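Examining the three-dimensional arrangement
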Amino acid sequence: MLYFRLKLAVLCCLPLFFSCEKLEKEVLTVIDFVKIGTISDASVYPGTQILFLDQNRGVIAGYNLFKVTQDGGRTWNDPLGLTPNFYFVSLSKVGNDLYAFKEGSSTTGRIYRSSDGGLTWQVISNSEVYEHGQFVTASVAFKMIGAQWGDYTVSRSLDGGLTWNNISLPSNNLSLKNFYFFNKDTGYIASSVYARIYTTSNGGATWSTRVTGEVPLNIVKTADRIYHAHQGGNPY
């Protein structure tokens, strides 16, 4: 059973510019959501993704889980065009299009797209996916692949996920947690090694370091700011 109840212990704010040497931190109130719906026939594991296009249409995806809602989360149903007996590692949206990244090798990994609010899905690419993925536009996308001993790669596609090329990273063995890109050149990546967030404005050719002091777990964006959540520590 899924309860829509979430508490974020710590959330830090990073203003959207790259020239500042010091990471600015903003205290945010702990968020406590109320229950609005349940999924009775699904198990929700760590790493489950929830993404809404608007206040009514949304998707939840994870390990052997993929459901869509058209009424704000009160009821959830199976979509058409895919089966949930896989691990979906990421959800992404561009305009009215939704994208789902299914974990797998270059022959078993899949990237799906929906243009009707999640009701039906089509495969747009067979692609190796193991950690995280994001579409910035219908053409520009990024994905992250983790390897043994914490050696990660981040790849970029400029043709809607059909072909991919690795971008340069600040160093090896970063143990990346997440990333967010605003366009084909500008983005953030979060690393648990030395508890750092890195930024680039030239597609990974060079990176700037921002030391957060706590291991970042996730990066999310609002209209004018970008946030990261970390595990443990005191709120600030």
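The structure contained in this document is the topic of the report that follows. (Residues numbered from 1 in each chain as written. Predicted model: local features only at pLDDT ≥ 70, side-chain atom pairs only at ≥ 80, totals over all residues. Heavy atoms only, no water.)

This brings us to the overall build of the protein. Regarding its fold elements, the protein presents 0 helices and 18 strands. Considering the protein as a whole, with its 236 residues, one finds that 43% of them fall into the buried category. Pairs at least 24 residues apart make up 43% of the contacts formed inside the protein by residues separated by at least 6 positions. Carbon and sulfur atoms provide 49% of the accessible area of the protein, an area that totals close to 11,900 Å². (Helix = DSSP H or I, 4+ residues; strand = E, 2+ residues; numbered from the N terminus. Buried < 20%, exposed > 50% of the residue type's maximum accessible area, 1.4 Å probe, protein only. Contact = heavy atoms within 4.5 Å. Areas by Shrake-Rupley, 256 points an atom, 1.4 Å probe, with all protein chains shown as cover.)

With that settled, the discussion passes to the sheet that holds strand E5 (residues 88-94). Each strand in a sheet pairs with its neighbour through backbone hydrogen bonds, running either in the same direction (parallel) or in the opposite one (antiparallel). Read from one edge of the open sheet, 4 strands run E5-E6-E7-E8, paired in antiparallel fashion. Unpaired on one side and paired on the other, E5 and strand E8 (122-126) mark the two borders of the sheet. The sheet shows a mean angle of 25° between the axes of neighbouring strands, direction not considered. Pairing between strand E7 (residues 110-114) and E8: 4 bridges, direction antiparallel. (Pairing = 2+ DSSP bridges. Axes fitted to C-alpha atoms, helices over the stretch in contact; angles between N-to-C directions.)

Strand order in the open sheet made by the 3 strands is E2-E3-E4, with antiparallel pairing throughout. At either margin of the open sheet sits one strand with a lone partner, and together these are strand E2 (49-52) and strand E4 (65-69). The sheet shows a mean angle of 10° between the axes of neighbouring strands, direction not considered. The pairing of strand E3 (residues 58-62) with E4 spans 5 bridges and is antiparallel. Across the sheet, residue Gly 62 finds its bridge partner in E4, namely Leu 65.

By themselves, these figures tell us nothing about what the structure is for.
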